[in-house]
Amino acid sequence: MFKWILKQPDSQKIVPPEKVASTYKWRQFGVLLATCIGYIGYYIIRLVFTTEQNDIMKAYHFSTANIGLILSCFGIGYGVAKLFMGVFADKCDSNRYLMSGLFLSAVLNIFLGSTKNLYLMMLLMFLMAVTQGMGAAACQKMIQLWWGPRMRGTMYSIWSSAHNAGSFICVAIVQLAVFLFSGSIPAVFYTASVISFIICILILLLGADRPKVVGLPDISTYTGDKVILDNGQVSTSDQTDLSITQIFIKYILKNKLVWAVTLTSMSLYLVRYGIQSWIPSYLVQNKGFDPAAAKWVIGIFELASVPGVIIIGAISDALKGRRATVSIVCVIGMLLCLTCYFFSSNHTVIIIALIIMGNLIYAPLTLVGLMINEVVPKFAVGASTGFMGFFQYIFGETLATALIGILVDHFGWIASNTVLYGASIVAVLFLLYTAISERQMRKKAAE
C-alpha cells in the first residue's frame, strides 16, 4: 500500500490540444467532487464523538474534564499528524492519499465505538487524528494543482465548506442511527464508518492527483499561474528534486508570511473549537436548551456557514486576492456575534448569532488556509498545510478543548468567554501584518 500511494509518473498518453479545455473542465469537476465528498467523509468520522458527548457522559459516567481530555487527544494527534502527514503528502498521489486516510479513520472509528474505557478512547482518538491528518493536505494540494488564481479562492471555499456540510450530515447520521438502533452508542459509530467506506470508493473514481497524470498540461502552463514568494522570487513549478527537509527549511521555516498566517489560523482555531466543541454542553448547562435540540444546533452552526463561506471566498477573488483584508472584516463581525452568544438568554437570538458567527469564523479560516498555500511553491503546499495544521491543533484545538474543559470545571463558562475574546484580538493583529504584506506582494506581481 505504501508504494501505491506514492506520486505516480506523468501519463504517456497526452490529451490532444483541441480537447485540452473540455477535458480540463471535466477533470476539474471530478477533482472538486472528490475533495468535497472526501472531506465530508472525514468530518462525519471526526465529529461523531463530539455530537454524542452528552450521551457518552451520561452512559459512561464521564465528566466534562474527561470529555475534554479525549477531545484534546485528537487535537494533539491531529496537530502532529498534519505536520508530518502534510509534508509526506508532497511526495504522494494526493487522491490515493486522501482515500487512504479516510479508510483508516473509519476503521479506527469502529474500535472507538466499541469501548467504554477512557484511556483506550484517548489512544484511539489520537490514532484516528493521525489518519485524519492526511485529508486536508491532500485536498489543498489538488486544488492548488488544478486551478489558477482567478478561480482558486472560489474553488477553495467550496471545498472548505464541505466540512461544514459534513458536520451537518454527521448530526443527521447520528440522529438516524439513534432512531434505528434504539439509542445504541456503538451503532452510531458503526453507521458513520460504513458511510465513509462508500465515500472511499467515490474518491478513487472521481479524483486525480495532478493534470499531468491524466495527460493534461500543468496549471502554470494552462493558465499562466505563478507564485510570488516573500523574497520576491517567482515560482511556477509543481515538482522539485529538493528533499523534504530542504523544502521545509527554505520555504516554511524561513518564510515570515508563513509564520504570520499560521499564528492567525491558530488563534482562529481556538475560537472555532472553543465554540463548536462545547455547543451541546454550553447550551444545555448555561442556556437551558434541550439536549436533543443542542445536538442539532451543531449541525445548524456548520451547515448555515456553507453559502457565506463560498460567497466570501468569491469576494476575495473579485478583490484580486485581498484575502487578509476580507478576513479582518469577518473577525470584527464575529466578535459582535460572540457577544450575543455569550450574553443573550433568548434561544432564537442565540441560534441566529451562531448562524452568522459560523460564516464569520469559517470564512477567514478558509482564506488563511488558502493564503498559506499561495505564499509557497506548489511543491511545498503539503508542507505549508501541515505546518499550519500543527499549530492549529496542538495549540488551537487543544487549548479550546482540554484547557477550556478544565477552566469551566473550576471557574465556570466566563473563563471560556475570556479565552475566546483574547484569541480573536490576537487574530486581528496578525491579519493586519498579513494584509500589509499582501499589498507589497501585489506590487511585485504587477512589476
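This text goes with the structure placed above it.
What counts and what doesn't
Counting restarts for each chain, with residues numbered from 1 along the sequence as it is written. Where totals are concerned, whole chains, interfaces and linings use all residues; where local detail is concerned, this predicted model gives features only for residues with pLDDT of at least 70, and gives and counts side-chain atom pairs only at 80 or more. To obtain the side-chain values, all non-hydrogen atoms of the structure were used and water was disregarded. Definition of nonpolar core: a set of buried residues of the types Ala, Val, Leu, Ile, Met, Phe, Trp, Tyr and Cys, connected through side-chain atoms within 4.5 Å. Each residue is placed in one exposure class: buried if its accessible area under a 1.4 Å probe, protein chains only, is under 20% of its type's maximum, exposed if it is over 50%, and partly exposed if it falls in between. Helix and strand labels come from DSSP, where a helix needs a run of H or I of at least four residues and a strand needs a run of E of at least two; each type is numbered from the N terminus. Two residues qualify as a contact provided that any one of their heavy atoms is within 4.5 Å of a heavy atom in the partner residue. Whenever a carboxyl oxygen of Asp or Glu lies within 4 Å of a side-chain nitrogen of Lys or Arg, that contact is scored as a salt bridge. For helices, the axis comes from a line fit to the C-alpha atoms of the stretch in contact; other axes are also lines fit to C-alpha atoms, and the angle between any two N-to-C directions lies between 0 and 180 degrees. Oblique is the label for any angle not covered by the other classes, which are roughly parallel (under 35 degrees), roughly antiparallel (over 145) and roughly perpendicular (65 to 115). Should the near helix be turned counterclockwise from the far one by less than a right angle, the crossing is left-handed, whereas a clockwise turn marks it as right-handed. Any residue that is not Ala, Val, Leu, Ile, Met, Phe, Trp, Tyr, Cys, Pro, Asp, Glu, Lys or Arg is counted as polar, Gly included; the first ten are nonpolar and the last four charged. Each aromatic pair joins two rings of Phe, Tyr and Trp (for Trp, the six-membered one) with centres within 6.5 Å, and gets the label stacked for planes under 30 degrees apart, edge-to-face for over 60, and tilted for any other angle.

Novice: Explanation requested: the nonpolar core in the structure shown.
Specialist: One recurring pattern in soluble globular proteins is that nonpolar side chains are buried together. By size, the foremost hydrophobic cluster in this structure holds 143 residues, and its most contacted members are Trp-146, Ile-275 and Tyr-341. With 13 residues, helix α17 (residues 347-374) is the single largest residue contributor to this core. Excluding residues within four positions of it along the chain, Trp-146 makes contact with Tyr-24, Arg-27, Gln-28, Val-31, Ala-208, Asp-209, Arg-210, Pro-211, Val-214, Leu-216 and Ile-219.

Novice: Looking at this model, I keep getting lost on the pattern of salt bridges. Mind explaining?
Specialist: Side-chain pairs of opposite charge can arise where the charged atoms are in close proximity. According to the stated counting rule, one finds four salt bridges in the structure shown. Here Arg-210 makes a salt bridge to Asp-209, at a shortest N to O gap of 2.8 Å. Each member of the pair Arg-210 and Asp-209 is classed as buried. Several salt bridges share partner residues, and in doing so they unite Asp-10, Asp-209 and Arg-210 into one network.

Novice: I keep staring at unusual backbone geometry and nothing clicks. Help me out?
Specialist: Residues other than glycine predominantly adopt negative phi, and peptide bonds predominantly adopt the trans conformation. Of note in this structure, His-61 is not a glycine but carries a positive phi near 60°. Along the chain, His-61 turns up in the loop between α3 (53-60) and α4 (64-89).

Novice: I tried to follow the packing of helix α15 (residues 305-318) against helix α16 (residues 323-343) on my own but got confused; where do I start?
Specialist: In helix packing, the relevant descriptors are the interaxial angle and the interaxial distance, both defined with respect to the helix axes. The interhelical angle for the contact between α15 and α16, taken along N-to-C directions, is 140°, at an axis separation of 9 Å. Between α15 and α16, the angle is such that the two are oblique. The crossing of α15 and α16 is right-handed. Only Arg-323, Val-326 and Cys-330 of α16 make contact with α15, whose side of the interface consists of Ile-312, Gly-313, Ile-315, Ser-316 and Asp-317. Along the lines of polarity and charge, the residues of the contact of α15 with α16 split into four nonpolar, two polar and two charged.

Novice: What's the story with the packing of aromatic side chains in this structure? I'm lost.
Specialist: We describe a pair of aromatic rings using the distance from one ring centre to the other and the angle between the two ring planes. Per the counting criterion, the structure on display carries 17 aromatic pairs. Measuring from ring centre to ring centre gives 5.9 Å for Tyr-39 and Tyr-42, while their planes differ by 35°; the resulting arrangement is tilted. Of the two residues, Tyr-39 and Tyr-42 both sit in helix α1 (residues 20-46), three residues apart, roughly one turn of that helix. Neither Tyr-39 nor Tyr-42 differs from the other in exposure class; each is buried.

Novice: Is there a simple way to explain the environment of Leu-431 in this structure?
Specialist: Turning to its location among the elements, Leu-431 is positioned in helix α19 (residues 413-446). Judged by its relative accessible area of 0%, Leu-431 falls in the buried class. Spatially, the C-alpha atoms of Leu-431 and Pro-364 are 9.7 Å apart, while their sequence positions differ by 67 residues. Setting aside residues no more than four positions away along its own chain, Leu-431 makes contact with Thr-264, Ala-324, Ser-327, Ile-328, Val-331, Val-368 and Met-371.

Novice: What exactly am I supposed to notice about the packing of helix α8 (residues 149-180) against helix α9 (residues 185-206) here?
Specialist: Packing of α8 against α9 leaves a shortest axis separation of 9 Å and a crossing angle of 125°. The angle between the axes of α8 and α9 places the two elements in the oblique class. When you trace α8 past α9, the crossing you get is right-handed. Between α8, through Ile-173, Val-174, Ala-177 and Val-178, and α9, the contact on the second element is made entirely by Ala-187, Val-188, Thr-191, Ala-192 and Ile-195.

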